[in-house]
Amino acid sequence: MGKVIEKAGVDPGLLTLGIDTLLEKYPYLTDFFSALGIDPFPGQKTLSMLIESLSPDHLSQFNLDHHALSAQVLEFIAKMEQCRYKIHGRMDHLVIGAGFDKDGCPEAMGITLFPGEVVSVVGPTGSGKSQLLSDIECLAQGDTPSGRNVLPDGKTPDARSRFSGEFRLVAQLSQNMNFVMDLTVEAFLHMHAESRLIDNIPGKIEQIYQSAVMLAGEPFSLDTAITSLSGGQSRALMIADVAYLSASPVVLIDEIENAGIDRVKAVSLLLNKEKIVLIATHDPLLALSCDRRIVIKNGGIADVVKTLEAEKKSAACLAGLDKKLGLLRERVRKGKHLVFDQNFFNSN
Amino acid sequence: MNQVLENPISSIRLVTVAGPPSSGKTSLILHTAAVLLEQGLRIGIIKFDCLTGDDHKRYERAGLPVKKGLAGGLCPDHFFIANIEACVQWGISQGFDLLISESAGLCNRCSPHIKGVFAVCVIDHLSGVHTPRKIGPMLKNADLVVLTKGDIVSQAEREVFTFRVRQANARASVLPVNGLTGQGSLLSAGHFKTAPAIDSLNGMRLRFTMPAALCSYCLGETRIGPDSQIGNVKTMDFT
Ligand SMILES: Nc1nc2c(ncn2[C@@H]2O[C@H](COP(=O)(O)OP(=O)(O)OP(=O)(O)O)[C@@H](O)[C@H]2O)c(=O)[nH]1
Ligand SMILES: [Mg+2]
Ligand SMILES: [Zn+2]
Ligand SMILES: [Zn+2]
């Protein structure tokens, strides 16, 4: 592993193309060259001419010679294009084959998940919710403590792609995650969009920003530093960003109930993007906004409960209650008094 | 990938783990070793450090035999390369299947990776998006790059970070591992156990040259001034 140079997709023909053509087609080359202290000033040069023009001294700083650099550029382009291709790959369903609970008894059932579906994972703390989420993340093949098999499109994933980490099935959001980069909202979204190799970056930034503000309730600007966003604003930006920019077809959400964002809107935003959304939660409103609930007991899936029509009606009252609580929260924020009685909750 | 390959007598699989200070090297090794011990592998650890360090205690507590090498005033990677063959022979004499070395990770210019030996670089997500570029050879020449502390940064930052790592090293596998819970260590274990088996490092080569200790400061000089600067001194250009 690792020592074998991945030759797949390497196209030596690129060496004879002009640098400006290449930079236009593969914008990420700019970064590649600047990391090596090379200025690829666009001109009439071909890639091989550019490489030949570099001094051996300069290249030796990076432990490279002309030949090695040519090989590295081609490999790099191949790898990046492979990522771009993977990103567009779509999953039709995800099978989770049953394994065993903590006592080694067979799990009651497995489950098959579909894009555009939101499923909650419920069970007491320590019951094994994290193991399920972790099984999905590492595409368990009977080799995790649960013995489950996680099969995208019902098929055993290729071991090479599993172990290389090339295909990240899962995007994760949890209460503990924070922004750490020293960037404004705009610069940050730009950097993320760039790394996803997408077109129309400004349009994407605007979309994400608008949705994030909508989820957060409290407005912020594109110039705000991401590290100074409030808890709710950060959570909102993370969710909007995952919805529009993450390549992963599965989103795992761990406890966002206290995040101070519109949870139901957040879930529907993710659903519209044809993702499989799994939410570990104890929150009744979130649980009822899901189509199904996976019940975990003693490390195993004990049951999969479908949300009843009657429950959806109850969810509507709960949503009303949630809105009322939101109004009270708003009053606290503004420094107002909170005097109310039962009628406050019953009125519309 | 899932079976332990037969280890011929008197050889050993060696994995070099490098990465900046506190990036999660020990945490990764402990979780990865736990998976492999479960599978019946015998594992030894070598910890390289500068002056002091408590990592060996963490390994001992996990029941892993460990030897400690203190580089003192030398670049810890220079010290490493002068001593690693002896470590390999120790590992073979102890009958280990796998020997894992943890570097001190203090020198961004040097890298302990050896051609023909499985090379791992550990970086944490908190270290900033420019780190993949800054740490140079120990990342660029790795076979496996492990990204830790993803549990406390956003998904978007993890994706950007991974992308930057791939830009610096398109060839390596890149895996997230949570150093606290061990999530992801199953996959790192899959890599560790396929490291090539060797019987000696004699005649093998480093993947990247280490700069020689050539100036007077390398030899212990502490005074500042042109009279004290002897040897291979490079001066800044202010034009
Ligand atoms: N939140 C979080 N903390 C981590 C993770 N991995 C490691 N840590 C913490 O980071 C600190 C450093 O981890 P170590 O494993 O000791 O790092 P190291 O690279 O071996 O450090 P040195 O050997 O001292 O250079 C410890 O407090 C760990 O608990 C992770 O994935 N998430
Ligand atoms: Mg350590
Ligand atoms: Zn050094
Ligand atoms: Zn010196």
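Owing to the predicted nature of the structure, the values given are computational and were not obtained by experimental measurement.

**Q** Honestly, the site of ligand 1 in this entry has me stumped. Any pointers?
**A** Residue and element names in this part refer to chain B. For ligand 1, the set of nearby residues contains 19 residues, the closest of which are Thr26, Ser27, Arg58, Asp151 and Gly179. The separation between an oxygen atom of ligand 1 and a polar side-chain atom of threonine 26 is 2.7 Å. One of the backbone nitrogen or oxygen atoms of lysine 149 is found 2.8 Å away from an oxygen atom of ligand 1. Starting from 650 Å² of accessible surface for ligand 1 in isolation, the protein chains cover 76%. The set of elements that each furnish at least two residues to the shell around ligand 1 consists of helix 1 (25–38) and helix 2 (55–61).

**Q** What am I meant to see in the interface of chain A and chain B here?
**A** By a frequent convention, interface size equals the accessible area lost on bringing the separate parts together. With 53 residues of chain A in contact, the opposing surface of chain B contributes 42 residues. Taken together, the two surfaces of chain A and chain B that pack against each other cover about 4,000 Å², and 59% of this comes from carbon and sulfur. Its salt-bridge partner being arginine 171 of chain B, residue glutamate 75 of chain A comes within 2.9 Å of it at the nearest N-O pair. The tally of links between chain A and chain B comes to 15 residue pairs in polar contact (both at pLDDT 80 or more). Listing elements by their share of the side of chain A that touches chain B, those giving two or more residues are helix 2 (29–35), helix 5 (66–88), helix 6 (129–137), helix 7 (159–164), strand 5 (170–174), helix 8 (185–195) and helix 10 (231–245) of chain A. For the side of chain A that touches chain B, the element with the most residues is helix 8 of chain A, which contributes five residues. Here the side of chain A that touches chain B is built from residues that sort into 25 nonpolar, 16 polar and 12 charged.

**Q** Explanation requested: the sheet that holds strand 1 (residues 94–97) of chain A in the structure shown.
**A** Sheet strands line up and pair through hydrogen bonds in the backbone, either parallel or antiparallel. All names here are of chain A. The antiparallel open sheet is built from three strands, whose spatial order is 2-1-4. Lying at the two open borders of the sheet, with one neighbouring strand each, are strand 2 (111–113) and strand 4 (149–152). Within the sheet, the average angular offset between the axes of one strand and its neighbour, ignoring direction, is 15 degrees. With four bridges connecting them, strand 1 and strand 4 associate as antiparallel partners. Opposite valine 95, over in strand 4, you have leucine 151 as the bridge partner.

**Q** Just checking my understanding: could you explain the sheet that holds strand 9 (residues 300–306) of chain A for this structure?
**A** Residue and element names in this part refer to chain A. Across the sheet, which stays open at both edges, the six strands sit in the order 5-6-7-3-8-9 with mixed pairing between neighbours. The two strands at the open ends of the sheet, each matched to only one other strand, are strand 5 and strand 9. On average, each strand axis in the sheet is inclined to that of its neighbour by 20 degrees, with strand direction left out of account. The strands that helix 10 touches are strand 5 and strand 6 (250–254); relative to strand 5, the one it contacts most, it runs at about 170 degrees.

Parameters and conventions
Residues numbered from 1 in each chain as written. Chains lettered and ligands numbered in written order. Predicted model: local features only at pLDDT ≥ 70, side-chain atom pairs only at ≥ 80, totals over all residues. Heavy atoms only, no water. Near = heavy atom within 4 Å. Polar contact = N/O pair within 3.5 Å; in protein donor to acceptor, adjacent residues only side chain to side chain. Areas by Shrake-Rupley, 256 points an atom, 1.4 Å probe, with all protein chains shown as cover. Helix = DSSP H or I, 4+ residues; strand = E, 2+ residues; numbered from the N terminus. Contact = heavy atoms within 4.5 Å. Buried area = accessible area lost by both parts, 1.4 Å probe. Salt bridge = Lys/Arg side-chain N within 4 Å of Asp/Glu carboxyl O. Nonpolar A, V, L, I, M, F, W, Y, C, P; charged D, E, K, R; others polar. Pairing = 2+ DSSP bridges. Axes fitted to C-alpha atoms, helices over the stretch in contact; angles between N-to-C directions.

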